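# Commentary on secondary and tertiary structure
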Amino acid sequence: MLIPKKVKHRKWHKGRSRKRKVETRGTKLSCGQYGLKALGSAWLTSNQIEAARKTLSHFIKRDGKIFIKVFPDKPITKKPPEVTMGGGKGSVEYYVFPVKPGRIIFEMDGVSEDVAEKALKLASYKLPFKTKFISKK
C-alpha cells in the first residue's frame with residue numbers, strides 16, 4: 001500500500017467537490033508509450049492503485065515497465081462507530097489521491113500496443129471512474 005512517509009499536516013480539510021473542473025497537470029504521456037486517462041472524478045485510494053498495479057504486472061508477465069503517475073497523500077479521517085458528536089476530528093484511516101477528468105493514472109512502455117490495451121482495460125475495472133486508453137502515436 002502507498003502511504004506517505006512524512007506529512008506536513010496530519011489532518012486536512014475535506015475540500016469542495018468540483019465536478020466540472022478538468023485536470024491541468026499530468027494530462028500528457030511523459031514516461032511511457034501507452035497510458036490510462038481518467039474520464040471522471042473520484043478519490044483514488046491506495047488499495048485501488050495497488051489492485052490495478054497488480055493486475056497490470058500480472059497480465060504483462062513482468063515484461064516492459066509500468067509507471068504509476070499518482071500518489072495518495074490526502075489523509076481521510078473517520079471516527080469510530082457509535083461515538084457521539086464532539087470530541088474533535090477522528091483519526092486518519094487511509095490516504096487518497098483526488099482525481100479529476102483528464103489525469104493520466106498509469107503509463108506503460110516496452111510492450112506491444114494490443115497487450116498494453118488489454119492490460120490497461122483490465123486495470124480500469126479496478127478503478128472507481130471511467131477511463132480511456134491513450135497512446136503517443
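Described in the following lines is the structure provided in the data block.

What counts as what
- Residues numbered from 1 in each chain as written.
- Predicted model: local features only at pLDDT ≥ 70, side-chain atom pairs only at ≥ 80, totals over all residues.
- Heavy atoms only, no water.
- Pairing = 2+ DSSP bridges.
- Helix = DSSP H or I, 4+ residues; strand = E, 2+ residues; numbered from the N terminus.
- Axes fitted to C-alpha atoms, helices over the stretch in contact; angles between N-to-C directions.
- Contact = heavy atoms within 4.5 Å.
- Buried < 20%, exposed > 50% of the residue type's maximum accessible area, 1.4 Å probe, protein only.
- Core = buried A, V, L, I, M, F, W, Y, C linked by side-chain atoms within 4.5 Å.

### Concerning the sheet that holds strand 1 (residues 34-38)
Paired through backbone hydrogen bonds, the strands of a sheet run either parallel or antiparallel to each other. With antiparallel pairing, four strands are arranged side by side in an open sheet as 3-6-1-7. Each edge of the sheet is formed by a strand with only one pairing partner; in this case those strands are strand 3 (65-68) and strand 7 (131-135). Pairwise comparison of adjacent strand axes, ignoring direction, gives a mean angle of 20° for this sheet. Relative to strand 7, strand 1 runs antiparallel, the two sharing five bridges. When the sheet's bridge partners are listed, G35 is paired in strand 7 with I134. On the sheet, helix 1 (residues 46-59) packs against strand 3 and strand 6 (104-109) and is oriented at approximately 20° with respect to strand 6.

### Points about the environment of H58
Mapped onto the secondary structure, H58 falls in helix 1. Its relative accessible area of 65% is what places H58 among the exposed residues. Between the alpha carbons of H58 and K137 there is a distance of 25 Å; along the sequence they are 79 residues apart.

### Let's talk about the nonpolar core
Soluble globular proteins: nonpolar side chains tend toward being buried together. The biggest cluster of nonpolar side chains holds 23 residues, and the ones touching the most others in it are L44, L56, I105, F106, M108 and F129. Only strand 1, strand 2 (42-45), helix 1, strand 5 (91-99), strand 6 and helix 2 (113-124) provide two or more residues apiece to this core. Ranked by residue count, the leading element in this core is helix 2, at four residues. Non-local contacts of F106, meaning those with residues more than four positions away in its chain, are made with Y34, G35, L36, I49, A52, R53, L56, I66, F67, I68 and L120.

No statement about biological role is implied by the geometric values presented.
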